[in-house]
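Letter by letter, the chains look like this.
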Amino acid sequence: MTRPKRSDKKGETRLDRTTALDLYTRMVRIRQFEEKAARLYEQGLLPGFLHSSVGQEAVAVGVCGALRKDDYITSTHRGHGHIIAKGAGLDRMFAELYGRETGFNRGLGGSMHIMDFELGVLGANGIVGAGIPIAAGAGLSIQLRGTDQVAVAFFGDGAINTGAFHEGINLAAIWDLPCVFVCENNLYAESTPQEYVLRIPALTERARGYGIPGELVDGNDLVAVYDAARRAVERARAGKGPTLLECRTYRWYGHYIGDPAVYRPQEEVEYWKARDPIPRFEAWMKEHVGFDDADREAVWQAVAAEVEAAVKFAEESPLTPVEAALDCVYS
Amino acid sequence: MRDNVLMREALREALDEEMARDERVFLMGEDIADPMGGSYKITLGLSTKYGKHRVRNTPISEIAIVGAGVGAAITGMRPVAEIMYVDFLEVAMDQVVSQAAKIRYMSGGQLSVPLVIRCQGGPGRSAAAQHSQMLEAWFFHVPGLKVVMPSTPYDAKGLLKAAIRDDNPVIFFEQNGLYNTRGPVPDPGEDYTVPLGKADIKREGKDVTIVAYAQMTLFALQAAEQLAKEDGVEAEVVDLRTVSPWDKETVLRSFRKTGALVVAHQAVRQGGVGAEIAATVYEEALDLVDVEIARVGAKFAPTPFAPHLERYVIPGKDEIVAAVRTTLERGGRFGAVGQAAAQRAGAV
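Conventions we followed
Residues numbered from 1 in each chain as written. Chains lettered and ligands numbered in written order. Predicted model: local features only at pLDDT ≥ 70, side-chain atom pairs only at ≥ 80, totals over all residues. Heavy atoms only, no water. Helix = DSSP H or I, 4+ residues; strand = E, 2+ residues; numbered from the N terminus. Rg over C-alpha atoms; globule rule 2.2 N^0.38 Å. Buried < 20%, exposed > 50% of the residue type's maximum accessible area, 1.4 Å probe, protein only. Lys, Arg positive; Asp, Glu negative; His and termini not counted. Charge placed at Lys NZ, Arg CZ, Asp CG, Glu CD. Domains from an automatic or database assignment. Buried area = accessible area lost by both parts, 1.4 Å probe. Pairing = 2+ DSSP bridges. Axes fitted to C-alpha atoms, helices over the stretch in contact; angles between N-to-C directions. Contact = heavy atoms within 4.5 Å. Polar contact = N/O pair within 3.5 Å; in protein donor to acceptor, adjacent residues only side chain to side chain. Expected span 1.5 Å × (residues − 1). pLDDT = per-residue confidence, 0-100. Salt bridge = Lys/Arg side-chain N within 4 Å of Asp/Glu carboxyl O. Nonpolar A, V, L, I, M, F, W, Y, C, P; charged D, E, K, R; others polar.

1. Focus: the overall build of chain B
Part 1: Each helix and strand in chain B was counted, giving 14 helices and 14 strands.
Part 2: Relative to the compact-globule value of 20 Å for 348 residues, chain B shows a C-alpha radius of gyration of 20 Å, a close match.
Part 3: In terms of principal-axis extent, the alpha carbons of chain B reach across some 65 × 45 × 40 Å.
Part 4: In chain B, buried positions account for 64% of the 348 residues.
Part 5: Computed over 39 positive and 45 negative side-chain charges, the separation of the two mean positions in chain B equals 1 Å.

2. Concerning the domain arrangement of chain B
Residue and element names in this part refer to chain B.
Part 1: Looking at chain B, the domain boundaries give domain 1 (2-185) and domain 2 (200-346).
Part 2: The centre of domain 1, based on its C-alpha atoms, is set 28 Å off from the matching centre of domain 2.
Part 3: When domain 1 packs against domain 2, the two sides together hide about 2,100 Å² of surface, and 59% of this comes from carbon and sulfur.
Part 4: On the domain 1 side of the contact with domain 2, Ser126, Phe140 and Met149 bury the most area, a combined 28% of that side's loss.

3. Comments concerning the sheet that holds strand 6 (residues 146-148) of chain B
Residues and elements named next belong to chain B.
Part 1: Strands sit in the order 3-2-4-5-7-6-12 across an open sheet of seven strands; the sheet is mixed. Of all the strands in the sheet, just strand 3 (55-57) and strand 12 (242-244) have a single pairing partner and so form its edges. If you compare each strand with its neighbour and ignore which way they point, the axes differ by 20° on average.
Part 2: The pairing of strand 5 (residues 116-121) with strand 7 (residues 170-175) spans six bridges and is classified as parallel.

4. Description of the environment of Val262(B)
Residues and elements named next belong to chain B.
Part 1: As for its placement among the helices and strands, valine 262 is situated in strand 13 (residues 260-268).
Part 2: A residue is classified by how much of its surface remains accessible, and valine 262, at 0% relative accessible area, is buried.
Part 3: For the pair formed by valine 262 and valine 211, sequence separation is 51 residues and the distance between their alpha carbons is 6.3 Å.
Part 4: Here valine 262 is in contact with Val208, Thr209, Ile210, Val211, Ala294, Val296, Ala323, Val324 and Thr327, once residues within four sequence places are set aside.

5. Structural notes on helix 9 (residues 248-258) of chain B
Residues and elements named next belong to chain B.
Part 1: The set of residues buried in helix 9 consists of Thr250, Val251, Leu252, Ser254, Phe255 and Thr258.
Part 2: In the core, the buried residues of helix 9 are packed alongside strand 9 (200-203), strand 10 (208-212), strand 11 (235-239), strand 13, helix 10 (273-284) and strand 14 (292-298).
Part 3: Glycine 259 lies just past helix 9 and shows a positive phi near 75°.

6. Some words on the side chain of Gln149(A)
Residue and element names in this part refer to chain A.
Part 1: If you trace the backbone, glutamine 149 turns up in the loop between helix 5 (131-145) and strand 4 (151-156).
Part 2: Side-chain polar atoms of glutamine 149 contact the backbone oxygen of aspartate 70, separated by 2.7 Å.
Part 3: Apart from residues lying up to four places away in sequence, glutamine 149 is in contact with Arg68, Asp70, Asp71, Tyr72, Ile142, Pro178 and Arg237.

7. Side note on the sheet that holds strand 9 (residues 243-248) of chain A
Residues and elements named next belong to chain A.
Part 1: Pairing is parallel across the open sheet formed by five strands, whose spatial order is 3-4-5-9-8. Two strands bound the open sheet, and with one partner strand each, they are strand 3 (72-74) and strand 8 (214-218). Strand-to-strand twist in this sheet, taken as the mean axis angle between neighbours without regard to direction, amounts to 20°.
Part 2: The pairing of strand 3 with strand 4 spans three bridges and is parallel.

8. Describing the side chain of His77(A)
Part 1: Tracing the chain through its elements places His77(A) in the loop between strand 3 and helix 3 (80-85).
Part 2: Those residues in contact with His77(A) that lie beyond four places of it in its chain are His51(A), Met112(A), Asn125(A), Val128(A) and His255(A).

9. A few points about helix 11 (residues 277-288) of chain A
Residue and element names in this part refer to chain A.
Part 1: The terminal C-alpha atoms of helix 11, which comprises twelve residues, lie 16 Å apart, in line with the 16 Å expected from a rise of 1.5 Å per residue.
Part 2: N-cap assignment for helix 11: the residue whose side-chain oxygen lies 2.9 Å from the backbone N of isoleucine 278 is aspartate 276.
Part 3: Glycine 290 occupies a position one or two residues after helix 11 and carries a positive phi of about 90°.

10. Here we look at the confidence of the model for chain B
Residues and elements named next belong to chain B.
Part 1: Across chain B, the average pLDDT comes to 95, with 95% of residues at 70 or higher.
Part 2: In the predicted structure, residues 338-342 sits below a pLDDT of 50 and forms five contacts with residues beyond four places in sequence or in another chain.
Part 3: Counted against residues more than four places away or in other chains, residues 344-348, with its pLDDT under 50, gives ten contacts.

11. Structural notes on the interface of chain B and chain A
Much of the literature gives interface size as the accessible area that the parts lose upon coming together.
Part 1: Contacts between chain B and chain A engage 41 residues on the former and 37 residues on the latter.
Part 2: Both faces combined, the contact of chain B with chain A buries some 3,200 Å², and carbon together with sulfur accounts for 64% of it.
Part 3: Taken together, chain B and chain A are joined by zero salt bridges.
Part 4: Listed by contribution, the elements that provide at least two residues to the side of chain B that touches chain A are strand 2 (25-29), strand 3, helix 3 (62-73), helix 4 (93-100) and helix 5 (103-106) of chain B.
Part 5: Broken down by element, the residue count for the side of chain B that touches chain A peaks at eight residues, all from helix 3 of chain B.
Part 6: Taken together, the residues of the side of chain B that touches chain A sort by class into 17 nonpolar, 18 polar and six charged.

12. What to know about unusual backbone geometry
Residue and element names in this part refer to chain B.
Part 1: Omega for the bond connecting aspartate 34 with proline 35 falls within 30 degrees of zero, at 10°, which places this linkage in the cis form.
Part 2: The residue proline 35 is located in the loop between strand 2 and helix 2 (46-50) in this model.
Part 3: Note the cis peptide between serine 244 and proline 245, where omega equals -5°.
Part 4: One non-glycine residue, alanine 128, adopts positive backbone phi at about 70°.
Part 5: Looking at where alanine 128 falls in the secondary structure, it is placed in the loop between strand 5 and helix 6 (136-140).

See the structure below:
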């Protein structure tokens, strides 16, 4: 991948066309994966729970776009987007959602627990906030091993009042660990609005309490997320310690597929849908690197074909043999 | 071989030797660096020897201590996280139970979590309800965790070294009442390990099997001596050493020899490790006609503060002796070992 350069003028990243198209494609892959998964779930074809990240693609891609393959991420119950943005194949993603042998975790983990060490994905996580201290530990491991990797924790606004948030970020702060803490603030913790659980106007104010930088970002603006993430990642890689990013965004679906989301007004949903990160980035590309309807069509069609093939792969994959249910308890 | 080494010294030697052997091993916990060297001095001198980057003081943040241990373990390190009291692990239960224990499983076998969580605790010191619990059954109940509870300095050192080399999360539970006990331990640098999952027969006998672990093993040995002297009963004492996975084979072999079992621990009896062992032995030995099984455990109450109340709630040697006598009497077995003993048992 071509490394993007930073312009001297505004401190704003100038993405070259190749990189921009790559990031755009990643967003489209997430969007189409999530939409297809939602349809399959509604048809009763996928077991368990499904938490969709449609609408939040720019956070996953903006942050993971600033990372190397050997950097680590911890993710959340709403983790498909992060993992795809980190480079996951849709075939093994779908296979995991179907609970098949070919899934990333052989169907032992499922939607909420996808892990892949090769991609640096230390795990989606069904426990809110739990990935934060784990990412701090990955940062500690990086520091002790003396590599220049970075560990990123994604978490939602629901996690910010857990003990794990406080303990994990504080530990990373006092030890200058190479971590980036990314709050994907979609304004609701399940059904509870953010203003009900937070007395301050922005989570980033808390960064000061830990003695680390905090940055509030428009989470539906891919370039803004990418810029902020690059600053935080560079800082971490340089051994200067962690950063807290708050990316304001919105999930189009409810907390889970099937949640009618009666707790939020329809006008609010429409407001945010009008700020869809994908067309916004298309507009940016048109202005800065060149992008037209034919480009758009090519990406969407290629991804649609990938999604269809991935679903077919998953559906044709064998069920995991039952012995596997007892195989992996211990090393 | 030295014949008089303190358990706390043996534990320190294990950490020292493993840190010297493998640079991926590091320690973190509250107050573990010098000059404090740990609340119970187990890590004294190690930060001076290996540096404060490898022996790391942490804030009072149990979630972060275990969580960071998990994160470091799955990315190539072999952390030993110290939790000052096993009671404090309650604060970090998600990281222990739903993260450390399950990551290998949820990843489909892709990741391993070579994390040792050292903790200590136990009754007998008027430490009251929040500093003297025996919580091993909580962890015993969780697939994916190993639980180790040594009773001698030799086992403590060998088991800790084995736990650090193990690729699974291990709760290494040191019973406080044993720190100042002494016993034979090989010379420093003489590398040995005690395998996890293997019980040890600490005393051979033919009349009854007493299964115990940690400090209760010492009480079981004292009880066995008393029973031999007063009742002519020869008890076999099986020290589990590793509580999970427990050594079913050794326990069953001993039970098939003696036909009578007393499982003894200081944790509360209800839902304790002893319940599982007793039930398993019963199920596996249905072919034996005369089987006698009993459990010894703490009464169902928090640990009280006042010494006489604590002694009332928490069992020790006397309760084991009483349980053996009752068990053998109930089974009509004293005929085999002496009428006088049976009469005494009847009085219990």
